[in-house]
Amino acid sequence: MSAPTAVTVEPVEPASPPPTLATAPPSLDAESREWLRSLRASGRERDEAIARLHALLLRAARFEVARRRPTLPHLRGGDLDDIANLAASDALLAVLRRLDDFRGASRFTTWAYKFALYEAAVKLRKRAWQGREVPLEPETWSMFSSAGLEPDAELEQSELLATLQAAIADVLTPHQRRVLVALALNGVPIDVLAERLNTNRGALYKTLHDARRKLRKHLEERGLALDDWLEEKR
Amino acid sequence: MMERRDLKQALGRLLGPAGPEVGCDECFDKLDQFVELELAGEDADAAIPGLRAHLAGCPACREEHESLRALVGREQAL
């Protein structure tokens, strides 16, 4: 498993020119420069730098494993340490392969950490779902009923949910429906679904994004006030 | 039966963020810069538009953002 490659869901432009401080290419700090120099050196110096980098990545992978441990009660300590070691090794390969991509937008260690956290998180999600069936059909429409609503609100909710269910059935393509239901309704982790469907996170999210946009458009065209039902306010 | 707040969250998962957002790959590419700007108290949202909206819509990227922020923040505090 390698870290994602670049695909953008939607072009996003800054509303106004962002502050110079935040966007100007920052000069590389001394520590980051030293990491790059030693990793591009040869012989023993490079070997030692790679060993230091591996130790750094292993620390990050163990950090991620420790954060997720409460959600993985069935995994033993040895299994978790195996996952951390494998994540660190995979992250090391990814960092070395993408060393030229590092532009100094952050410190080198922050840039490197994200590879280890990503590898550990993906492996833990997959392990948690190992052997489990991935539900691709709606199982939980009954959860979409809320308690304690006034009769008017209940009617409005029924209309929204009926329109939403119909839109999922009628407006989306079969692939969009399958991805939306698995990810957004049934809570399947995106990396688990990507593995089962033989695709990657970026492509699946693009499908999910397109499905969400279609549903929003469909509901808005029917005059349903989404803002009243969503956490966010535009 | 679920409370109205939970229903809103469930609908939010189905319908996703309203505004423009970056994809998972661009999110990964810029996550380190975004986290350092956040921890430095800079305006990360102005520097990298659409990344926070993506975090709202993608649980996996959101978890990785939380982890990177926690790890780097802890090291800076030492």
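Keep in mind it's a predicted model, so treat the numbers as computed, not measured.

**A short note on the overall build of chain A**
- Looking only at helices and strands, one finds nine helices and zero strands in chain A.
- Secondary structure elements of chain A, listed N to C terminal, follow the sequence α-α-α-α-α-α-α-α-α.
- Each of the 234 residues in chain A was classed as buried or not, and the buried ones make up 33%.
- For chain A, the share of sequence-separated contacts (at least 6 apart) that also reach a separation of at least 24 residues comes to 76%.

**Description of the overall build of chain B**
- On a plain count of helices and strands, chain B comes out with five helices and zero strands.
- Secondary structure of chain B in N-to-C order comes out as α-α-α-α-α.
- The buried share among the 78 residues of chain B stands at 53%.
- Sequence separation of 24 or more characterises 70% of the internal contacts of chain B that already satisfy a separation of 6 or more.

**A short note on the confidence of the model for chain A**
- Mean pLDDT over chain A: 84, with 81% of residues reaching 70 or higher.
- Note on residues 13–25 of chain A: pLDDT is under 50 here. Beyond four places in sequence and across chains, it has 17 contacts.

**Brief notes about the nonpolar core**
Residues and elements named next belong to chain A.
- If you look at the biggest cluster of nonpolar residues, it comprises 76 residues, and the most contacted ones within it are L57, A61, A91, A116 and A120.
- With 12 residues, helix α5 (residues 108–128) is the largest single contributor of residues to this core.
- Each of two domains, domain 1 (20–128) and domain 2 (141–228), supplies a minimum of three residues to this core.
- Those residues within four positions of A120 in sequence are excluded, and the remaining contacts are A61, E64, V65, I83, A84 and A87.

Definitions and cut-offs
Residues numbered from 1 in each chain as written. Chains lettered and ligands numbered in written order. Predicted model: local features only at pLDDT ≥ 70, side-chain atom pairs only at ≥ 80, totals over all residues. Helix = DSSP H or I, 4+ residues; strand = E, 2+ residues; numbered from the N terminus. Buried ≥ 20, exposed ≤ 12 C-beta atoms within 10 Å, placed from the backbone. Contact = placed C-beta atoms within 7 Å. pLDDT = per-residue confidence, 0-100. Core = buried A, V, L, I, M, F, W, Y, C linked by C-beta atoms within 7 Å. Domains from an automatic or database assignment.

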